[in-house]
Amino acid sequence: MADAPTPVMFAIVTTSKQAVIGGMAPVFMANDEPERDRIAMWLCRITNCIAHDLHNGTVVLTVNQASSS
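Residues numbered from 1 in each chain as written. Predicted model: local features only at pLDDT ≥ 70, side-chain atom pairs only at ≥ 80, totals over all residues. Heavy atoms only, no water.

(A) Just the sheet that holds strand S1 (residues 7-14), in detail. Here 4 strands make up an open sheet; going across it, the order is S2-S1-S4-S3 and the pairing mixed. With partners counted over all chains shown, the strands left at the sheet margins are strand S2 (27-29) and strand S3 (50-53), one partner each. When strand polarity is set aside, the average angle formed by the axes of neighbouring strands in this sheet is 25°. Bridge count between S3 and strand S4 (residues 58-64): 4 bridges; the pairing is antiparallel. Its bridge partner lying in S4, Asp53 is registered against Val59. (Pairing = 2+ DSSP bridges. Helix = DSSP H or I, 4+ residues; strand = E, 2+ residues; numbered from the N terminus. Axes fitted to C-alpha atoms, helices over the stretch in contact; angles between N-to-C directions.)

(B) Layout of the pattern of salt bridges. All told, the structure shown has 3 salt bridges when counted by the stated rule. Ionic pairing is found between Arg36 and Glu33, a salt bridge with its closest N-O pair at 3.9 Å. On the criterion of helical spacing, the pair formed by Arg36 and Glu33 is a turn pair, its members being 3 residues apart in helix H1 (residues 33-47). Taking the relative accessible area as the measure of exposure, Glu33 reaches 43% and is therefore partly exposed. With a shortest N-O distance of 3.8 Å, Asp53 and Arg36 are connected by a salt bridge. Here Asp53 is found in strand S3, whereas its partner Arg36 is found in helix H1, with 17 residues between them in sequence. Looking at Asp53, the relative accessible area reads 37%, which means it is partly exposed. The exposure class assigned to Arg36 is buried, which follows from its relative accessible area of 3%. Overlapping salt bridges bring together Glu33, Arg36, Asp37 and Asp53 as one network. (Salt bridge = Lys/Arg side-chain N within 4 Å of Asp/Glu carboxyl O. Buried < 20%, exposed > 50% of the residue type's maximum accessible area, 1.4 Å probe, protein only.)

(C) Up close: the nonpolar core. Among the nonpolar cores identified, the biggest contains 9 residues, and these are Ala11, Val13, Ala40, Leu43, Cys44, Cys49, Val59, Leu61 and Val63. Sorting the residues of this core by element identifies S1, H1 and S4 as the ones contributing at least two each. Discounting chain neighbours no more than four positions away, the residues touching Leu43 are Val13, Phe28, Asn48, Cys49 and Leu61. (Core = buried A, V, L, I, M, F, W, Y, C linked by side-chain atoms within 4.5 Å. Contact = heavy atoms within 4.5 Å.)

Now the structure itself:
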């Protein structure tokens, strides 16, 4: 994983469809916040990404963009 300054949205984990409208990142739906946190935790462990809690039922997972050099 490169440490480039540009973060790229990797995935979204949410409990509310209304919190996510469009976009190119895959969206994982959870029934409640404990399930949302569990899904986000496993995605972070598997992909080495970073989770950002938006405090509206949604967690955004990002990775740093690899440099082109």
